[in-house]
Amino acid sequence: MTWLFVLSLTCVTFFNQYLFLEPKTQIRLPKFATRMLKYAAPCLMVSICLPLVFFEGGHWKGIFENSYFYGAIFTLLITLLTKKLLLSILLSLGFFYGLNLLFDF
Amino acid sequence: MLPLSVAVIPWGILAGSAAINAGLSVMQAVGMSALVFAGAAQLVSLSMLMTGASLLSILITVFFLTSQHFIYALSLREEVKPWSLKRRLSIGFLLTDELYATAMLKEKPSYAYMLGAGFSFYVSWVLFSLMGILLANKVPDLSTLHLEFSIVVVLLVMAVMLIQNKAAIYGVVSSSIMVLILSWFELGSAILLAGFSGMWVAALFDRVED
């Protein structure tokens, strides 16, 4: 039963990953759709990470008593300021864990 | 691609330990990370398994949860089209949020570049899942370590770096608002719908800017 769970999940995720990489999959994209695709990456990325900031197991974590919120704000500002990938990641992680250590969220 | 492999570490540990906590055997837990190779899908499906959800409902949820890969594949389609089946299948298997983001940093990502990046994510994913599996019995509550914040940081930093014009700003703001509203109502496809609405808004403004 558990192996069935693992293998069927593998099939579903692989199907989603591969479907549109296959040239035989027929699609004709209108111009507007290709324009939308240009913005897929940033829009999807914030959509994936914001629920992690504000929700835990379907429950709203709040704003001001939520260390993820402060961490995300810091990340946003430091990235806009430095425009450097690795530096922003490291500083943001440092800020977040420092905050949790100091204020015991 | 190295900083991104580092970001995979906490997720791998989480996914590995979650599998053991959900009652999988060590072999099944390793197999899950090695075969499914999708962090969010693994964590969500395991928590559903623990709450006693049916296999069908788990599969439907995961289908929508990982449907952003449709969009990733569509944006990579032109590059990937001329490649051999073996190459397409391998990139399909390795395609993740991180690999897509890495590919988007290049104007025209080559197969070698994508395979190298994808494979390094895969290796660190499996290794650190294994670490989570071994740690699961020793550290009782990994969730207090806030490991998932690292994925927030990486995706947020990359999203900001990928914003190139005003249209993208409007899109990202729309997606942010939408995803919070939809997550509030616990919609399984919140990520996809919110991402889609932001893309739509951005494309509208993109046309205005022309």
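As a reminder, the structure under discussion sits directly above these lines.
Reference entry: report on the structure contained in this document. Fair warning: this is a prediction, and the values are worked out from it, not measured in the lab. In every chain, residue numbers begin from 1 and rise along the written sequence. The lettering of chains begins at A and the numbering of ligands begins at 1, in the order of writing. For a predicted model such as this one, the threshold for reporting local features is a pLDDT of at least 70, and the threshold for listing and counting side-chain atom pairs is 80 or more; totals across whole chains, interfaces and linings nevertheless cover every residue. Working from all heavy atoms in the structure, the side-chain values ignore hydrogens and water.

**A closer look at the overall build of chain A**
Okay, step 1: Looking only at helices and strands, chain A features five helices and two strands.
Okay, step 2: Here chain A has a C-alpha radius of gyration of 19 Å; the compact-globule value for 105 residues is 13 Å, and the former is much larger.
Okay, step 3: A burial count over chain A gives 50% of its 105 residues as buried.
Okay, step 4: Contacts between residues were defined by any pair of non-hydrogen atoms, one from each residue, lying within 4.5 Å. For chain A, the proportion of contacts with a sequence separation of at least 24, taken over those separated by at least 6, is 30%. Each helix corresponds to a stretch of at least 4 residues labelled H or I by DSSP, and each strand to a stretch of at least 2 residues labelled E; elements are numbered beginning at the N terminus. The globule rule used here is 2.2 Å times the number of residues to the 0.38 power, and the radius of gyration it is set against is calculated over C-alpha atoms. Remark: exposure states derive from per-residue accessible area (1.4 Å probe, protein chains only) relative to the maximum for the residue type, with buried under 20%, exposed over 50%, and partly exposed in between.

**Quick word on the nonpolar core**
Okay, step 1: We define the nonpolar core as a collection of buried residues of types Ala, Val, Leu, Ile, Met, Phe, Trp, Tyr and Cys that are connected through side-chain atoms lying within 4.5 Å of one another. The biggest cluster of nonpolar side chains holds 76 residues, and the ones touching the most others in it are M45 of chain A together with L76 and M114 of chain B.
Okay, step 2: If we skip the residues at most four places from it in the chain, L76 of chain B touches L21 of chain A together with L95, Y100, A103, M104 and M114 of chain B.

**Things to note about the pattern of salt bridges**
Okay, step 1: Salt bridges are defined by distance alone: a side-chain nitrogen of Lys or Arg within 4 Å of a carboxyl oxygen of Asp or Glu. If you walk through the whole model with that rule in mind, you get six salt bridges over all chains.
Okay, step 2: Between R35 of chain A and D206 of chain B there is a salt bridge, with its nearest N and O atoms 3.4 Å apart. You can see R35 of chain A sitting in helix α2 (residues 31-37) and its partner D206 of chain B sitting in helix α11 (residues 190-209), one on each of two chains.
Okay, step 3: Taking relative accessible area as the criterion, R35 of chain A reaches 15% and is therefore assigned buried.
Okay, step 4: By relative accessible area, D206 of chain B is classed as buried at 5%.
Okay, step 5: One salt bridge connects K108 of chain B with E79 of chain B, and the closest N-O pair in it is separated by 3.1 Å. Of the two residues, K108 of chain B is situated in the loop between α7 (97-104) and α8 (111-135) and E79 of chain B in helix α5 (residues 68-80); the sequence distance between them amounts to 29 residues.
Okay, step 6: Given a relative accessible area of 64%, K108 of chain B falls into the exposed group.

**Overview of the packing of aromatic side chains**
Okay, step 1: In summary, the pairing rule links any two rings of Phe, Tyr or Trp, Trp by its six-membered ring, whose centres are within 6.5 Å, and it sorts them by plane angle into stacked for under 30 degrees, edge-to-face for over 60 and tilted for everything else. The tally for this structure, following the rule as stated, stands at 21 aromatic pairs over all chains.
Okay, step 2: On the basis of an interplanar angle of 5° and a centroid distance of 5.8 Å, the ring pair of F14 of chain A and Y18 of chain A is categorised as stacked. Highlighted residues: F14 of chain A and Y18 of chain A, both in helix α1 (residues 2-18), separated by four residues, approximately one helical turn.
Okay, step 3: Summarising the aromatic geometry, the rings of F55 of chain A and W60 of chain A are spaced 5.4 Å apart at their centres and angled 70° between planes, so their arrangement reads as edge-to-face.
Okay, step 4: When its relative accessible area of 37% is taken as the criterion, W60 of chain A is described as partly exposed.
Okay, step 5: One cation-aromatic arrangement involves K106 of chain B over Y113 of chain B; the distance from NZ or CZ to the ring centre is 4.6 Å. Look at NZ for Lys and CZ for Arg. If either is within 6 Å of the ring centre and within 35 degrees of the ring normal, a charge sits over the ring.

**Points about the interface of chain A and chain B**
Okay, step 1: The interface of chain A with chain B comprises 67 residues on the first partner and 88 residues on the second.
Okay, step 2: Summed over both partners, buried area is the accessible surface (1.4 Å probe) that two parts give up on being assembled. At the boundary of chain A with chain B, total buried surface from both sides reaches about 7,200 Å², with 79% on carbon and sulfur atoms.
Okay, step 3: Our count for the chain A to chain B interface comes out at three salt bridges.
Okay, step 4: Polar contacts, as used here, are pairs of N or O atoms within 3.5 Å; protein pairs need one atom able to donate a hydrogen and one able to accept it. Residues neighboring in sequence count only if both atoms are side-chain atoms. Counting every contact that joins chain A to chain B gives 13 residue pairs in polar contact (both at pLDDT 80 or more).
Okay, step 5: Every element with two or more residues in the side of chain A that touches chain B is listed here: α1, α2, α3 (40-54), α4 (67-82) and α5 (85-103) of chain A.
Okay, step 6: Among the elements that make up the side of chain A that touches chain B, the one with the highest residue count is α1 of chain A (16 residues).
Okay, step 7: Across the side of chain A that touches chain B, the residue classes tally to 47 nonpolar, 15 polar and five charged. When residue character is reported, Ala, Val, Leu, Ile, Met, Phe, Trp, Tyr, Cys and Pro are called nonpolar, Asp, Glu, Lys and Arg charged, and the others, Gly included, polar.

**Let's talk about the packing of α1 of chain A against helix α6 (residues 85-94) of chain B**
The relative placement of two packed helices comes down to the angle between their axes together with the axis-to-axis distance.
Okay, step 1: Where α1 of chain A contacts α6 of chain B, the axes come no closer than 8 Å and their chain directions differ by 120°. Regarding the angle of α1 of chain A to α6 of chain B, the classification is oblique. The two elements α1 of chain A and α6 of chain B meet at a crossing, and its hand is right-handed. Across from F14, Q17 and Y18 of chain A in α1 of chain A, the residues of α6 of chain B making contact are L85, R88, L89, G92 and F93 of chain B.
Okay, step 2: Here the contact of α1 of chain A with α6 of chain B is built from residues that sort into five nonpolar, two polar and one charged. Structural elements are reduced to axes, namely lines fitted to C-alpha atoms, with helices fitted over the stretch in contact, and the angle between N-to-C directions of any two is expressed from 0 to 180 degrees. For classification purposes, angles smaller than 35 degrees are called roughly parallel, those larger than 145 roughly antiparallel, those between 65 and 115 roughly perpendicular, and all remaining angles oblique. In this scheme the crossing of two helices becomes right-handed for a clockwise turn of the near helix relative to the far one and left-handed for an anticlockwise turn of less than a right angle.

**Structural notes on the side chain of R88 of chain B**
Okay, step 1: Position of R88 of chain B relative to the elements: it lies in helix α6.
Okay, step 2: Within the structure, the side chain of R88 of chain B is placed 2.9 Å from the backbone oxygen of W83 of chain B, a separation counted as a polar contact.
Okay, step 3: Beyond its immediate stretch of four places on either side in the chain, R88 of chain B contacts Y18, L21, E22 and P23 of chain A together with V80, K81 and W83 of chain B.

**Focus: unusual backbone geometry**
Okay, step 1: A positive phi angle, close to 55°, is found at K83 of chain A, a residue other than glycine.
Okay, step 2: Looking at where K83 of chain A falls in the secondary structure, it is placed in the loop between α4 and α5.
Okay, step 3: With a phi close to 50°, F37 of chain B is a non-glycine residue in the positive phi region.
Okay, step 4: Along the polypeptide, F37 of chain B turns up in the loop between α2 (26-35) and α3 (39-50).

**Comments concerning the packing of α1 of chain A against α2 of chain B**
Okay, step 1: At their nearest, the axes of α1 of chain A and α2 of chain B sit 9 Å apart, and the two run at 5° to each other. Between α1 of chain A and α2 of chain B, the angle falls in the class roughly parallel. Residues T2, W3, F5, V6, L7, L9 and T10 of chain A of α1 of chain A form the contact with α2 of chain B, whose participating residues are M27, Q28, G31, M32 and L35 of chain B.
Okay, step 2: Split by residue class, the contact of α1 of chain A with α2 of chain B holds eight nonpolar, four polar and no charged.

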